[in-house]
Structures are given as structure tokens and as C-alpha cells.
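Coordinate inspection notes
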Amino acid sequence: MKKTCARYILFTALVLLLVSPVGTTGETTLPEEPLIVPIGGNDNLWEMDDLVPGEPGGEVRYSSEKFPNTFNDLLGKRKETKDITKMIMGAGLTAVNPVNGRIVPAFAKSWSVSENGRVYTFYLREGLKFSDGQPLTAEDVLFTYEKLVLNPEVETEEREILRVEGEFPEIELVDQLTVRFRLPEPHGPFPRRVSTGIYPKHKLVDITGEEFNETWDRETAADNPEEIVGAGPFQLKKFVPGEEIVLTRNPYYYKVDSQGTQLPYLDGYRVVKVEDNDVEFLKFRSGETDFLRPQIRDMPYLLSQADEEGWNLITGRKVRSAPLNSDFLTFNWNTDRKDLNELFREPDFRRAVALAIDTEEIIEKVFNGFGQPQYGPISRLSPYHDPNMIDTLPGKFDLEAARELLEKLGINDSDEDGVRELSTGKPVRFSIAVNKENRVRTEMAEIVAGGLDNIGVRADIKSLEFSDYSSKLILGSHQSAIASALANPREPSTLSDIFTSGGPLHLWNLGPDRTLTEWEMKMDRLFRNGLKSTGFQERKEHYYEFQELFAEKLPVIYLPGESFLYATSSPVRNWDEFNRLGTFQDFAEFVWLEE
């Protein structure tokens, strides 16, 4: 990290010669050490060569069915809340690059890690300011974490993110520009954990944790928006409940682009309240808004009119994109049938199943053509994704190859009734559990069952109420199932619930009488090593090895998912990289309008 930051020292000096933004009172609004974002350039950290340096000015309009239930970022849980509050508060000591998922400097210009991997020291930029012009220092960082995030009275989900091996870090103020975190154990993802927005001590120092839970609510936003102070690219100007939210640029924002232009480019951002998706679509069509997350049903019209209207469309077919969901087919190795268990434990059986699934049929029939395959457990949005997975996983739909694998295992159709038999003489027949409320899983299960029928394997779809479905999966009383698990698509350690033997969602091998395979124990080691490694390259090597092992053993079979779909009006620039996690809100400081 220090080497990466050092490359920008000379560049910083050159940029500051090019521009010296000033506010309305004449003061310099950039800090002494701004963050220079190489928009239009490419290095291993930023990879922003597909973005274009822009021109300042203009307002973009967006619509939403729901408005925030609070304007306090630490208390926000819903997406519509975080979409607004993150733009006001900004990143923290670090940030996630929305283009490639890498952790990049933010308020901290750099950080260092002790040899034992347990002490992280963050060095802040000199001259940082909040949106009200007051200094942002290490005292504000300490206040944010000690008095707010780690305060048990404060109702925030951010607190648990900091927990390492069951303990919270100790935080120390070194000086006005330096803060130190001491962890109980080495924890490689820790820099991701400190991307929480920093709160102004000068505004909140006298309030209690309970009082903080009522701070910066909707009433404050409506009556006194200037009281809500952050250090993000925008600040709240106006909130009219049920009508609109108006954000304006923060004149003290700490970033500039490669041409020396202070970010954000936009003067403002306006959100209008709508009743439903249909109204949202109509407002975009009529030119009243500039951004749209379309429904699949809207895409044929948008595509047919895109050239005439000048709309920019994202259909999810780029190399660097990933489906919205992460469903997979899993087999239970510990059913009450020994013959099925032996079959399910065979990697070649699972590979045969994968080859019998027509992913293109799923994409066309389930997602109306707006779907994408998934290449393993680590998303293509993650900097830890191995691009070789597309070649090392089972190939495209190939029934003949699937039949050959089954015959290699000695699973044949001896009586020629169309169904193969196990060694016990019983037909190869099992159930696939799905929750019936989920149309996508049910329709995918039907296509999976049809493909298996073509290779002499019978699969019966078991459509269950969600409570019954989830109970069977957790208790290991299913035979097979289509499931998914929440995981950060950019941080592989969150997959440990599924892929480590102690994880509660290790669905293929659960239960008190289970026996772990050597490769499962190796997966445990790889995740443990990845978690404790503090260097990016070292962590990447562990997760690449995990993906190679996954491709070889195929513990679960990932199925296609719905594409990320987005539309923008013609003047909008730097929309190209919007993705599953990086929508307008994540790129808000980089978006600009072309006259």
C-alpha cells in the first residue's frame, strides 16, 4: 500500500499546480493532501481506464419507491437509506473501488501492518474537512469508533463488522493524523472493516448513545438539513417527505481526478418519490429522470428505442459483471439412504449433473435472455476471482459427456427402462427441494430435472413452504436442493459459512455423524490462511487455490442468475462500469453530464 501511494506523490504536486479550487469565501477547499483518482488511467489498484475525466456541473434525477427512514448512516439498514446516507458520509479510512472491488485509500492516505499482523496503523490526509468546513482529524475517527460504533447503546449493524475472533479491536489515538487498531488475531480483511463514514465530533460530542439513535432523523432532514454533516461527495440540501430529496456537492470533498478537477463532477443529485416500478419506468421514458433500474419486462422496449432516444443500456453481458443472485444446486451426503450418499459423494457424478444442465435454456426461459452464468463461488466482481474458472469448471451443456461419466462410475440402465440403477439395483432417483414462493428456483429446478431425465436420472421437485424448506436444509434432511447464501461478492472470507466444514451452511456435509474428506479439510486451511494473510497478493494465492480445488471437486453446482440491468439518459457519462454493487450511488462522484 505504501508503494502504491508513493507513486502519486509527484503526480499530486503536478495536479495541485493545475487547480486550486476555492469556496465562496475564498478559502482553498481541497486538503493539502488530496486523493488523486486516476480516471482514464489503468493501474492494478484503480483500473479506471474505461472511465473518462469529466466537466463539472449539472444535476441528475433519479426516482425511488421508498425514501430513507433515517439520514443517520450508522443506523441505516435498508438499501434506500444507505444509497443516500453513504453519499453524505462518504467512505471511511478506506473505500472499495467500485470498478474492481479493490480496497483503496480514502481518508487514510496509507496504512501499515505490524509483523504479527495484529496492529494496523492508519495515516490520515492532512487538511481533511467535513461539509461544514470544520477539520476532520484522527480525533473524529476515534470518536466515531469508540463513542458510536462500539457503543452498545447505539443501534448499528456496523459494530459486528469489527469483531475479530469474538473480540473488538483496541483503538489508540497516536496523533492528530494517526490512529491505531490492535486486533486479537491477524485478520486480512480488516482494511475493509474500516470503510465506515466518519462522524464530526464537534457536532455530536455531548450526546449519549441513546440520543444518537434519534439523531439526524427524517424530521431533522426536513427542518434543518444543514445539521447533517458528513465528508462524502454530497451534502443534504432539502428533504420533502413523500416528494423529493436534493443533494448538492460538498465543496470540501478531498478527491480530484487525473486532470486536477475536484470531485464530484455533478452540482447535485435529486431523488423523486414514485408509487411503483411502472411509474419509475414512465418517468424515465418521458425524460423526467436520468437513471433507471429496469425490470426484465421493460428491457425489450428499452432496447428497441435505445438508438432513437439515445439511452445507454447495461444488459449484464460485459466481461466484468456478475448475476444478481448466487443460486446453486447442492447434494446431501448424509441422507437416510447409504446408496444415494455414496453417489452424491462422487465428484464425477456431480460433474455429470453439471454437464446435463442447459444453462442457456435457464437464461432464456427463466430470465427471458437477461441472465448470466456463474463461474464458481467467488464473483467476477471480486479482485480474488480466478478468470481461469471458466475453463476449469465443467464445460458447456453436453449430454453425451455426462452419460460417459455415469457409465465410468458403473451407473447404467441395465433394464433399459430409461432410468439408470445404483449398485443396489434401485433407480437413480432423488428429490430437489425448493421454496415454492421463489419462482426462479422452481423454474430452474424444472430445467435441471429435464436435463437429468435426458441422462437417465430422475429428479422429483419438492416444492416447500420457506420455513419447511430452510429447516430441512439446516438440519440436513434434504436429498438435494437449490439454495443460495448471502455473501459479499467482493470479499471471499464471507463464503466461509458455506465452504468451511464448521460453517452452518456447509449444506452438502452436515450432521453429527459426518466424515470430512481431505479436500474439505484443505478448504478449511485455505480459508483460515486467507483470513489471516494481510497482503493482497498472498490472500489472492490462497483464494485462487481454493477455486482450483472447487473446480476439481465441485461441491455445489452454481446456476445462472439474473443480469444486472441499468439504463441512463444520453448526456450521462461514466455509466459503463455500473455493476451489481456499483450503481450510480457508488459512482456518483465520477458521473458527469455532457452538454
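Residues numbered from 1 in each chain as written. Predicted model: local features only at pLDDT ≥ 70, side-chain atom pairs only at ≥ 80, totals over all residues. Heavy atoms only, no water.

1. Section: the confidence of the model for the chain
- In the predicted model, the chain carries a mean pLDDT of 92, and the fraction of residues at 70 or more is 95%.
- Contacts from residues 1-27, a stretch scored under 50 in pLDDT, to residues over four places away or in other chains number 42 contacts. (pLDDT = per-residue confidence, 0-100. Contact = heavy atoms within 4.5 Å.)

2. Here's the deal with the sheet that holds strand β10 (residues 244-249)
- An order of β2-β12-β10-β9 is seen for the 4 strands of this open sheet, with the pairing classed as mixed. Looking at which strands have only one partner, the edges of the open sheet turn out to be β2 (59-64) and β9 (234-240). For this sheet, the mean inter-axis angle between neighbouring strands, taken without regard to orientation, is 20 degrees.
- Taken strand by strand, helix α3 (residues 79-89) contacts β9, β10 and β12 (268-273), and its axis lies near 20 degrees from that of β10. (Pairing = 2+ DSSP bridges. Helix = DSSP H or I, 4+ residues; strand = E, 2+ residues; numbered from the N terminus. Axes fitted to C-alpha atoms, helices over the stretch in contact; angles between N-to-C directions.)

3. Quick notes on the nonpolar core
- Core analysis: the largest hydrophobic core is formed by 82 residues, its most contacted members being Phe122, Phe578 and Phe584.
- Sort the elements by how many residues they give to this core and helix α4 (residues 138-149) lands first, with 6 residues.
- If you look at the next biggest cluster of nonpolar residues, it comprises 81 residues, including Ile296, Leu422, Phe430 and Met523. (Core = buried A, V, L, I, M, F, W, Y, C linked by side-chain atoms within 4.5 Å. Buried < 20%, exposed > 50% of the residue type's maximum accessible area, 1.4 Å probe, protein only.)

4. A look at the environment of Gly92
- For Gly92, the location among the structural elements is in the loop between α3 and β3 (94-96).
- Other than its neighbours up to four places away in sequence, Gly92 contacts Ala106, Phe107, Ala108, Val194, Ser195, Thr196, Gly197 and Ile198.

5. Quick look at helix α17 (residues 439-453)
- In this model, α17 (15 residues) spans 21 Å end to end at C-alpha, consistent with the 21 Å of a helix rising 1.5 Å per residue.
- When we look at burial in α17, the residues that qualify are Val440, Arg441, Thr442, Met444, Ala445, Ile447, Val448, Ala449, Gly451 and Leu452.
- Regarding α17, its N-cap is Asn438, as a side-chain oxygen of that residue lies 3.1 Å from the backbone nitrogen of Val440 further along. (Expected span 1.5 Å × (residues − 1). Polar contact = N/O pair within 3.5 Å; in protein donor to acceptor, adjacent residues only side chain to side chain.)

6. A word on the pattern of salt bridges
- All told, the structure shown has 33 salt bridges when counted by the stated rule.
- A salt bridge links Arg403 to Glu400; the shortest N-O distance between them is 3.4 Å. Separated by 3 residues within a single helix, Arg403 and Glu400 lie in helix α16 (residues 399-408), roughly one turn from each other.
- Look at Arg403 and you get partly exposed, because its relative accessible area is 25%.
- Looking at Glu400, the relative accessible area reads 46%, which means it is partly exposed.
- Here Lys553 and Glu552 are joined by a salt bridge, their closest N and O atoms 3.6 Å apart.
- What emerges from the salt-bridge pattern is a single network uniting Glu59, Lys238, Glu244 and Arg270. (Salt bridge = Lys/Arg side-chain N within 4 Å of Asp/Glu carboxyl O.)

7. Some remarks on the packing of aromatic side chains
- Enumeration according to the criterion identifies 41 aromatic pairs in this entry.
- On the numbers, 5.7 Å between centres and 90 degrees between planes, the contact of Phe122 with Phe181 is edge-to-face. Remark: Phe181 occurs in strand β8 (residues 178-182) and Phe122 occurs in strand β6 (residues 119-124); sequence separation between them is 59 residues.
- Relative accessible area serves as the criterion here: at 0%, Phe122 is assigned to the buried category. (Phe/Tyr/Trp six-rings, centres within 6.5 Å; stacked < 30°, edge-to-face > 60°.)

8. Observations concerning empty space enclosed by the protein
- If you walk through the whole model with that rule in mind, you get 2 cavities of 30 Å³ or more.
- Roughly 230 Å³ of internal volume is contained in the largest cavity.
- For the largest cavity, the lining is made up of 24 residues, of which Ser326, Gln374, Pro377, Ile378 and Ser379 are closest to its centre.
- Class assignment for the residues of the lining of the largest cavity results in 13 nonpolar, 7 polar and 4 charged.
- Within this model, the second largest cavity holds a volume of roughly 60 Å³.
- Around the second largest cavity, the lining residues are Ile314, Gly316, Lys318, Arg320, Ser321, Phe564, Asp576, Glu577, Phe578 and Asn579.
- Among the residues making up the lining of the second largest cavity, the classes are represented as 3 nonpolar, 3 polar and 4 charged. (1 Å grid on protein atoms, 1.4 Å probe; cavity = no way out; pocket = protein on both sides within 12 Å on 5 of 7 lines; lining within 4 Å. Points joined across faces, edges and corners; volume = space filled by probe spheres on them. Nonpolar A, V, L, I, M, F, W, Y, C, P; charged D, E, K, R; others polar.)

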